[in-house]
Amino acid sequence: MTSTSPLARPALAPIVAVDVDGVLNPDDPTHATALGYQPHRYDGPGGDGWHVTGTVWLHPDRGPWLRELANHAQPVRCTSWNHLAAEWIAPRLGLPAT
């Protein structure tokens, strides 16, 4: 009888897709302040290139939470914010732009 060993697989961290709107920035900001979210005024290009203005609600605890998550998984931005998630949102949460 021949014994075979299982195929070796590289240890890859799981990938976690992170959206901005509805996840980091609540869809309904009615109670955002009471829940600890802070308003950030955005005035610049939208994901589609058109100029937009508005308030983005971000929770300061989400940056440390995402950094902790990165110790166990690979967070990947999946958002219509495209590169603006790295350039504009990440610094407000204390995250690297990459």
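Structure: see above.
Attention in this report is confined to the structure presented alongside it. Remember, it's a predicted structure, so these values are computed and weren't measured experimentally.

How each quantity is defined
Note that residues are indexed from 1 along each chain, following the sequence as it is written. Totals for whole chains, interfaces and linings use every residue, but because this is a predicted model, local features are given only for residues with pLDDT of at least 70 and side-chain atom pairs only at 80 or more, for both listing and counting. With hydrogens and water stripped out, all remaining heavy atoms of the structure feed into the side-chain values. Only centres within 6.5 Å qualify two rings of Phe, Tyr or Trp (six-membered ring in Trp) as a pair; their planes then separate them into stacked at under 30 degrees, edge-to-face at over 60, and tilted for everything else. Segments assigned H or I by DSSP are reported as helices when at least four residues long, segments assigned E as strands when at least two residues long, and all are numbered from the N terminus. Remark: exposure states derive from per-residue accessible area (1.4 Å probe, protein chains only) relative to the maximum for the residue type, with buried under 20%, exposed over 50%, and partly exposed in between.

### Some words on the packing of aromatic side chains
- All chains considered together, the criterion is met by 3 aromatic pairs.
- For the pair Y42 and W88, a centre-to-centre distance of 4.9 Å together with 85 degrees between the ring planes defines the contact as edge-to-face. With Y42 in strand β2 (residues 38-45) and W88 in helix α2 (residues 83-92), the pair connects residues that are 46 residues apart, well separated along the chain. Of the two residues examined, Y42 and W88, each falls in the buried class.
- Relative to W88, the ring of W81 lies with its centre 6.0 Å away and its plane at 20 degrees, an arrangement referred to as stacked. Comparing W81 with W88 shows no difference in burial state: the two are buried.

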